[in-house]
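Residue-level listing of the chains:
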Amino acid sequence: MLRADVSPSRALPAHQQAEALQLVTPEGVRTPDPEYDPVVADIDDEHLLRLYEDMVVVRRFDTEAVALQRQGQLGLWPPLLGQEAAQIGSARALRSDDFVFSSYRENGVAYCRGAQPTDLMRVWRGTALAGWDPRAIGMATPQVMIGSQTLHATGYALGCVKDGVDSVAVAYFGDGATSKGDVHEAMVFAATFRAPVIFFCQNNQWAISEPVGLQTQRPIADRAAGYGIPSIRVDGNDVLAVLAATRVALDRARGGDGPTFIEAVTYRMGPHTTSDDPTRYVDPSDKVEWAAKDPIARIERLLTARGALTDERAAAIKAKADTFATQMREGCYGLPTPEPLSLFEDVFVEPTPELERQRSQYAAYLAMFDEEA
């Protein structure tokens, strides 16, 4: 149910709560939807090819990053295998002046926002506290603290209202984060002040090793109604449906109608991070079932059936993906070891006396090693 004060022009289409919006089936068949088709009427085969390319590139560099971690070049990596459509479909709906607040897994979103190959490596190799300049690409430093980015996004969105701009903030988080108090508080504030923010939940079925059914007996999207926030439950492996849902939510936010909650139903095909062993808790039959819903394969089938994905185009996409992965690996190898005292830089806009005291003490500690040498 929508709030009574939501204008009809931006009212969300009435899908049953347990259903997920789907525009392309796992078999690659385009299914009509009279309510959402107009939202993506501009998406022709060439546009679909670009979305497909994005997903292929993201999967390739994600696989490369896992290999780098296994080879001892990264301390950790959070794979996004299986979640490409959720990230690409939503990120490609955004404008450059929108702002993203993500968790640690949204490297596909970072790619779409303009993060360069080496940028994706810095934090996970331990050479920087942030991989990119947030202002340059419109994406904040990813949060490892579960759910805290929802508060940041809501605050930023309220700032957009104060500034009189129609930019939108987007908070990405997983199903497990919806049990955190920060997410609850953010949604209360967003609903109360009609903040132009999208709460984008990638329900990948697992909160590390805990299945989503342990924390909720209803679709996660149903929770939004308790805050007075409209929600859309979408097939998170359908890049076209995710794009459509995100566009609707963006339109509502820009029009002053407040927040929207999107639950993208997807599946984490790999480990939570490279320190995790999912074979200890995942039923192999579940992975087989979800592999048949692969986000890249379904769009490939659709484009192939339409004659849009030629051998030449497929080869060019593969080459682009391989080039990005190679640049990422080379960039990883080339990252310089940071100076120890650089730890104190960029903590605050202006250093505080306490921070200066800590820096001085650490400098004195390091100097002891020079004296011994």
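Residues numbered from 1 in each chain as written. Predicted model: local features only at pLDDT ≥ 70, side-chain atom pairs only at ≥ 80, totals over all residues. Heavy atoms only, no water.

Re the pattern of salt bridges
The line we're drawing: The salt bridge definition used is simple: a Lys or Arg side-chain nitrogen within 4 Å of an Asp or Glu carboxyl oxygen. We count a stretch as a helix when DSSP gives it H or I for four or more residues in a row; a strand needs E for two or more, and each element gets its number in order from the N terminus. Three exposure classes are used, based on accessible area relative to the maximum for each residue type with a 1.4 Å probe and protein chains only: buried under 20%, partly exposed in between, and exposed over 50%.
What the rule picks out here adds up to 24 salt bridges. With its nearest N and O atoms 2.7 Å apart, the salt bridge here joins Arg 92 to Asp 54. Placement of Arg 92 in the loop between helix H2 (84-91) and strand S1 (99-101) and of Asp 54 in helix H1 (residues 45-70) is noted, with a sequence separation of 38 residues between them. In this structure, the salt-bridge partner of Glu 354 is Arg 357, at a minimum N-O distance of 2.4 Å. Taken together, the residues Glu 354 and Arg 357, both in helix H12 (residues 353-372) and 3 residues apart, mark about one turn of the helix. Given the relative accessible area of 38%, Arg 357 is considered partly exposed. Salt bridges sharing common partners tie together Arg 60, Glu 64, Lys 318, Asp 322 and Arg 329.

Comments concerning helix H6 (residues 148-163)
Heads up, the condition is: By this rule, a helix spans an expected 1.5 Å times one less than how many residues it contains. Contacts between residues were defined by any pair of non-hydrogen atoms, one from each residue, lying within 4.5 Å.
Over its 16 residues, H6 extends 23 Å from the first C-alpha to the last, a length consistent with the 22 Å expected when each residue adds 1.5 Å. Ser 148, Gln 149, Thr 150, Ala 153, Thr 154, Ala 157 and Cys 160 are the residues of H6 that are buried. On its buried side, H6 packs onto S1, strand S2 (169-174), helix H7 (181-192) and strand S3 (197-203). Backbone geometry just downstream of H6 places Gly 164 in the positive-phi region, at approximately 75°.

Some words on the environment of Val 66
For Val 66, the position within the fold is in helix H1. Counting along the chain gives 11 residues from Val 66 to Trp 77, while the straight-line C-alpha distance between them is 6.3 Å. Leave out the neighbours within four places in its chain, and Val 66 touches Trp 77, Pro 79 and Thr 274.

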